[in-house]
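Observations on chain architecture
Each chain is listed here by its residues.
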Amino acid sequence: MYSDILLIGAGVVGTAVARVLSRYQASLTVLDRGADLAEGASKANSGIVHAGFDAHPGTLKAKFNVEGAKMYPALCEELGVPYSQPGALVIGFTEEDRATLENLVRQAEENDVPGVKLIEREEILAMEPNTNPEVLCALYAPTSGLTSPYEMTFALADHAALNGAKFCLNECVSKVERQDDSLWHVTTQKGEYTAKVLVNCAGVGSAVIHNMISDDELTIINRRGQYYLMDRMNPLPFNMTMFQCPTKMGKGVLVSPTVHGNLLLGPSAEDIPDALDVSTTAEGLALVLGKSRLTWPKAGPRGTITNFSGIRAHEAKGDFVIGAVKGAENAYETVGVESPGLSAAPAIGEMLGNLIAQEQGYAPKAEIVPAPVRPKPFHAMTTQERAEAVKADPLNGNLVCRCEVVTEAEIRAAIRRPVGATTIDGVKRRTRAGMGRCQGGFCSPRVAEIISEELGIPMTEVTKCGGESRLLTGTIAQALTKEAE
């Protein structure tokens, strides 16, 4: 199949680039190996929109972090993605930590991050009384924000699809080469795609793609981070994101609220050989809990909803690699986009998407379809609003997920989105059905039935997250027949 532009990778960065490219007069196809969007780092990170004080001045990380963070409030408003800006504290316990924090304040000034300052114990405890009272000082960053990384990815993809982008999932790329016809030929397990322009946004696989097309090899170090996700607490013990002093392995273990009212502890930081190994370990989780207690002495496993881990794509040289690929005509890339990749994604999308269009001579479309208006979630409605929603669509009267108050109408709408859910996890991330205290123990069977009905597939083909993750292997009648034989 031919497209003017072929983009590999449907995480938050890839969909941000795709959304910008969809504004231009060029056919665009997006490939991803996952069964859904955001199946890599974009589904499993802290959801922090970093203010921009961490990144070293002059790096691409600093440039795109600061630019992207400034875009988030308006972008989330446009796309209907949750966003808040509670601020952050980076806490220190020693004079050595103070020196580190003072340096971060200087970096914030160089990076043009507003409002960052050093504060002392009394002010810290006044802001966040549950902080370890042994804290000495902290960096305060008022513009640090929170969002939902996978919801942002879905919204970016939907908007791109409405403007003509085609998304092809379950497409694992095995070969990329530029042939004598001056086109890029990309092979997956399903067939071959051709395009004039290639864009590599493959996350943890980005260096693999890069090294297929360039002699200037890059190396990705797969860095796994493990987390605790806690049940909602009222009130939450912390209003702001609580960081500890960073190390060479990253920003350290944080204690942070989420935009959905949970508390997040983590991540760990461990370099591993397998880019797809998102297992959790007793050792990793114990480390997270132990380090969390340095910030919050009362931290414990009680109230845990789930544990999870994600992989960060750390490029060996330490910075983002973004732009045209050296020695590969009509090829562009984003490699090593680890934290603050979520924060940087909107700015990366604008820069790279517009650069590609300019260099390739693609004209802007005369009309751009605006982003769809997202209805207010049923759980957030007033009693009167819920009554009106049920009157407008009686399926809003069928509550499927009790923990998160998600209706049948919302689940069917999630499947019908421009790039809709096809798996139980896909429904979960678009609606939160299954994200509550019981983790889908009650609602998953009904969600599976709705997916079966909407997609016109048998229940035995419905999966949790693609591949062989089926909930059912057959029917009772089939089992009885087999037994009788």
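Residues numbered from 1 in each chain as written. Predicted model: local features only at pLDDT ≥ 70, side-chain atom pairs only at ≥ 80, totals over all residues. Heavy atoms only, no water.

This part takes up the sheet that holds strand β3 (residues 48-49). If you trace the 3 strands from one edge of the open sheet to the other, you get β3-β8-β4, paired in antiparallel fashion. At either margin of the open sheet sits one strand with a lone partner, and together these are β3 and β4 (83-84). Bridge count between β4 and strand β8 (residues 145-147): 2 bridges; the pairing is antiparallel. For S84, the partnering residue across the bridge sits in β8 and is L146. (Pairing = 2+ DSSP bridges. Helix = DSSP H or I, 4+ residues; strand = E, 2+ residues; numbered from the N terminus.)

Applying the stated criterion across every chain yields a total of 0 disulfides. With no disulfide partner, C438 has as its closest neighbouring cysteine sulfur the one in C403, 3.8 Å distant. Of the residues examined, C438 reaches a relative accessible area of 27% and is grouped as partly exposed. (Disulfide = S-S within 2.5 Å. Buried < 20%, exposed > 50% of the residue type's maximum accessible area, 1.4 Å probe, protein only.)

With that out of the way, let us pick up the packing of helix α1 (residues 12-21) against helix α5 (residues 149-162). Relative to each other, α1 and α5 sit at 25°, their axes nearing to 8 Å. With respect to their mutual orientation, α1 and α5 come out roughly parallel. Remark: the crossing between α1 and α5 carries left-handed chirality. Listed contacts from α5 to V12, T15, A16, A18 and R19 of α1 are P149, M152, T153, L156, A157, H159 and A160. A class-by-class count of the residues in the contact of α1 with α5 yields 8 nonpolar, 3 polar and 1 charged. (Axes fitted to C-alpha atoms, helices over the stretch in contact; angles between N-to-C directions. Parallel < 35°, antiparallel > 145°, perpendicular 65-115°, else oblique. Left-handed = near helix turned anticlockwise from the far one by under 90°. Contact = heavy atoms within 4.5 Å. Nonpolar A, V, L, I, M, F, W, Y, C, P; charged D, E, K, R; others polar.)

The next subject is the side chain of E171. Its place among the elements puts E171 in the loop between β9 (166-168) and β10 (173-178). Although E171 is buried, it makes no salt bridge; K190 carries the closest opposite charge, 4.4 Å away. Within the local environment of E171, its side chain forms a polar contact with the side chain of Y193, the two groups lying 2.5 Å apart. Ignoring anything within four residues of it in the chain, the contact list for E171 reads L31, D32, R33, T188, Q189, K190 and Y193. (Lys, Arg positive; Asp, Glu negative; His and termini not counted. Salt bridge = Lys/Arg side-chain N within 4 Å of Asp/Glu carboxyl O. Polar contact = N/O pair within 3.5 Å; in protein donor to acceptor, adjacent residues only side chain to side chain.)

On to the environment of Q439, then. Tracing the backbone shows Q439 in the loop between α11 (424-431) and α12 (444-455). Since its relative accessible area comes to 32%, Q439 is described here as partly exposed. Those residues in contact with Q439 that lie beyond four places of it in its chain are I305, T306 and G434.

Time to look at the packing of aromatic side chains. Here a ring pair, both rings aromatic, is described through the centre-centre distance and the interplanar angle of the planes. As enumerated under the stated definition, the model contains 3 aromatic pairs in all. Note on Y72 and Y83: the rings are 6.3 Å apart at their centroids and 20° apart in plane angle, and the pair reads as stacked. A residue pair is termed long-range when its members are at least 10 positions apart, and Y72 in helix α2 (residues 60-79) and Y83 in strand β4 qualify at 11 residues. For Y72, a relative accessible area of 0% gives the class buried. Ring geometry for Y227 against F308: centres 4.8 Å apart, planes inclined by 15°, an arrangement best described as stacked. Residue Y227 is found in strand β13 (residues 220-230), and its partner F308 is found in strand β18 (residues 304-315); the two are separated by 81 residues along the sequence. We classify Y227 as buried; its relative accessible area is 4%. The cationic tip of K63 hangs over the ring face of F64; the distance from NZ or CZ to the ring centre is 5.5 Å. When the ring centre of F154 is taken as origin, the NZ or CZ atom of R430, which lies over that ring, is 3.8 Å away. (Phe/Tyr/Trp six-rings, centres within 6.5 Å; stacked < 30°, edge-to-face > 60°. Lys NZ or Arg CZ within 6 Å of the ring centre and 35° of its normal.)

Take α11 next. Within α11, 8 of the 8 residues are buried, which leaves the element mostly enclosed by the surrounding structure. Those residues of α11 not exposed but buried are I424, D425, G426, V427, K428, R429, R430 and T431. Positive phi appears at R432, one or two residues downstream of α11, with a value of about 80°.

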